[in-house]
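Geometric and topological summary
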Amino acid sequence: DKGHEDEDYKFLDVATMMYEFPEKSLLKGLVNSNQIDEYSLKRIASKIALYDLNDNSNHYSETKYTEQRSSLTKNIEIIRKLYIKDYRSEITLINLEKWTNMEIKRLKNESINRIDNNSFKYCHGDLHSENIYRIENQFEFFDCIDYDKKLNHIDPINDLLALVVDLFSTSN
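I will try to describe carefully the structure that is included in this document. A quick note: this is a predicted structure, and the numbers were derived from the prediction, not measured.

**Describing the overall build of the chain**
Counting its secondary structure elements, the chain contains 8 helices and 4 strands. Put simply, the chain runs from its N terminus to its C terminus through helices and strands in the order α-α-α-α-α-α-β-β-β-α-β-α. The buried share of the chain, taken over its 172 residues, is 28%. Here the contacts in the chain between residues at least 6 apart in sequence split such that 75% fall between residues at least 24 apart. Of the roughly 12,600 Å² of accessible surface on the chain, 54% is carried by carbon and sulfur atoms.

**So, the pairing of strand β3 (residues 138–141)**
The alternating pattern of β3 places Phe139 and Phe141 on a buried face, while none of Gln138 and Glu140, on the opposite face, is buried. Two strands pair when backbone bridges link them, and strand β2 (residues 132–135) and β3 are joined in this way by 4 bridges, in the antiparallel orientation. Paired with Arg134 across the strands is Phe139, a residue of β3. Linkage of β2 to β3, two consecutive antiparallel strands, is achieved through a turn of 2 residues, within which Glu136 is found at a positive phi near 50 degrees.

**Let's talk about helix α5 (residues 87–106)**
For α5, with 20 residues, the first-to-last C-alpha span of 29 Å sits near the 28 Å given by 1.5 Å per residue. What α5 keeps buried is the set Leu93, Thr100, Glu103 and Ile104. Across the axial projection of α5, the buried residues extend over an arc of 100 degrees, all falling on one side. Across from the buried face of α5, at angles greater than 90 degrees, the exposed residues are Tyr87, Arg88, Lys98, Met102, Lys105 and Arg106. If you check the start of α5, you find a side-chain oxygen 3.3 Å away from the backbone N of Arg88, and it comes from Asp86.

**Notes on the pattern of salt bridges**
Opposite charge on two side chains lets them pair, provided their charged atoms get close. Applying the stated rule across the entire model yields 7 salt bridges. Residues Glu38 and Lys42 are paired through a salt bridge, measuring 3.2 Å at the closest nitrogen-oxygen approach. Remark: Lys42 and Glu38 occur in helix α3 (residues 38–49); sequence separation between them is 4 residues, near one turn of the helix. For Glu38, a relative accessible area of 55% gives the class exposed. The salt bridge partner of Arg80 is Glu77, with a shortest N-O separation of 2.7 Å.

Calculation criteria
Residues numbered from 1 in each chain as written. Predicted model: local features only at pLDDT ≥ 70, side-chain atom pairs only at ≥ 80, totals over all residues. Heavy atoms only, no water. Helix = DSSP H or I, 4+ residues; strand = E, 2+ residues; numbered from the N terminus. Buried < 20%, exposed > 50% of the residue type's maximum accessible area, 1.4 Å probe, protein only. Contact = heavy atoms within 4.5 Å. Areas by Shrake-Rupley, 256 points an atom, 1.4 Å probe, with all protein chains shown as cover. Pairing = 2+ DSSP bridges. Expected span 1.5 Å × (residues − 1). Arc of directions from axis to C-beta. Polar contact = N/O pair within 3.5 Å; in protein donor to acceptor, adjacent residues only side chain to side chain. Salt bridge = Lys/Arg side-chain N within 4 Å of Asp/Glu carboxyl O.

See the structure below:
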């Protein structure tokens, strides 16, 4: 009946709308307006380091090094299919792929040790400067990946590095 359709639409509309934080409270806006100092960055890094210290579920206790490696190489293939449209971009991606493979080999023992030491935790999974806001001088993370445990049970270093790369590309 028509009444149910309207209710369903309203529910869907509310469920899919996301609260928009003012640009000036997002980390990206704070960085661009030079309102972030070293102490603030250390507080954010500490929050990342403290992800679920009591979480001993270790969803990825059976993660293998080869699985971790294949997820990186799959990302390169996705980029190649979706975004590479010209020769210059292809060369850039080839260089990135070579560098990635060298780093994977170089860091193999470290990666295996982190897997063996249960370093994988429940993390954000998509941490960047537009997913962190400041309210009352506290930093909060939002819009985490929570629909697939394989995407957010990761090494906290992944979240930290994603944020560092984003901050370097965002900052002036």
